[in-house]
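As a plain string of letters, each chain reads:
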Amino acid sequence: LAREIAALFDMSRRRCLLDIGGGSGVYTIAFLERYPSLSAVIFDRPHILAFAREQIDRAGLAGRVRFAAGDFYVDELPGGSDCALLSAIIHQNSPSQNVELFRKVFRCLEPGGVLLIRDHIMEPSRTRPFGGALFAINMLVNTAGGDTYTFDEVRTQLAEAGFVGIELVRSGERMDCL
């Protein structure tokens, strides 16, 4: 899925990707493999970054990736990027947590920067995609305020944080909406 997502969003004019909560680095790797002039910063907790470093080294991309340790709930995000990625993050947050996170992203991006979100994005009925509806139940049971969101809900949260030009790039049945 990471390679498929990297092929859907044109990063050819972008210089540096900030992968927020980048985990193993699988999305960073997919974007860097597709866009040879792109560099990246993976921001995650220190124990996760150790695993990400191994994956980045294994992919032969160590010279193009910086690692920044932190917790996006507490810390400011590192600056200097013109594109940020939140992959499978927003569903674990309440709407107010998302707005705060989006504000942090907005502050750290260079002017003209973009934020790419990959997650379940629900239809207005909130019953499709089916996997997203089931996932919403999981978030209800296992998080303090997480949920799956409609595009209008995400757009409202992003606009509150200062973003403009918000668009749904892709809908999908898997957690593959952008």
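Scoring rules and cut-offs
Residues numbered from 1 in each chain as written. Predicted model: local features only at pLDDT ≥ 70, side-chain atom pairs only at ≥ 80, totals over all residues. Heavy atoms only, no water. Helix = DSSP H or I, 4+ residues; strand = E, 2+ residues; numbered from the N terminus. Buried < 20%, exposed > 50% of the residue type's maximum accessible area, 1.4 Å probe, protein only. Contact = heavy atoms within 4.5 Å. Polar contact = N/O pair within 3.5 Å; in protein donor to acceptor, adjacent residues only side chain to side chain. Pairing = 2+ DSSP bridges. Axes fitted to C-alpha atoms, helices over the stretch in contact; angles between N-to-C directions. Core = buried A, V, L, I, M, F, W, Y, C linked by side-chain atoms within 4.5 Å.

Relative to the assigned elements, glutamate 33 resides in helix H2 (residues 26-34). The partly exposed category is assigned to glutamate 33, whose relative accessible area is 39%. Each C-alpha atom, one on glutamate 33 and one on glycine 60, is 9.8 Å from the other, the two residues being 27 residues apart in sequence. Leave out the neighbours within four places in its chain, and glutamate 33 touches Arg3 and Leu61. Polar side-chain contacts of glutamate 33 include one of 3.0 Å to the side chain of arginine 3.

Glancing now at the sheet that holds strand S2 (residues 39-44). On the basis of which strands lie adjacent, the open sheet formed by five strands has the order S3-S2-S1-S4-S5 and parallel pairing. Whereas interior strands pair on both sides, the edge strands pair on one side only; in this sheet they are strand S3 (65-69) and strand S5 (109-118). Adjacent strand axes in the sheet meet at a mean angle of 20° when their direction is disregarded. Lying over the sheet, helix H3 (residues 46-58) contacts S2 and S3, oriented at roughly 170° with respect to S3.

Turning next to the nonpolar core. If you look at the biggest cluster of nonpolar residues, it comprises 27 residues, and the most contacted ones within it are Ile20, Leu86, Phe102, Val105 and Leu115. Mapped by element, the contributors of at least two residues to this core are strand S1 (16-20), S2, strand S4 (81-87), helix H4 (95-108), S5 and helix H6 (151-160). With four residues, H4 is the single largest residue contributor to this core. When residues no more than four places from it in sequence are discounted, the contact partners of phenylalanine 102 are Leu86, Ile90, Leu115, Ile117, Val154, Gln157, Leu158, Ala161 and Phe163. Judged by nonpolar contacts, the second largest core, of 24 residues, contains Tyr27, Phe31, Ala40 and Ile56.

Turning to unusual backbone geometry, a few remarks are in order. At the junction of arginine 128 and proline 129, the peptide bond is cis and its omega measures out at 0° in the coordinates. As for its placement among the helices and strands, proline 129 is situated in the loop between strand S6 (121-122) and helix H5 (130-142). Despite not being glycine, alanine 88 shows a phi value in the positive range, around 55°. Owing to a relative accessible area of 21%, alanine 88 belongs among the partly exposed residues under this scheme.

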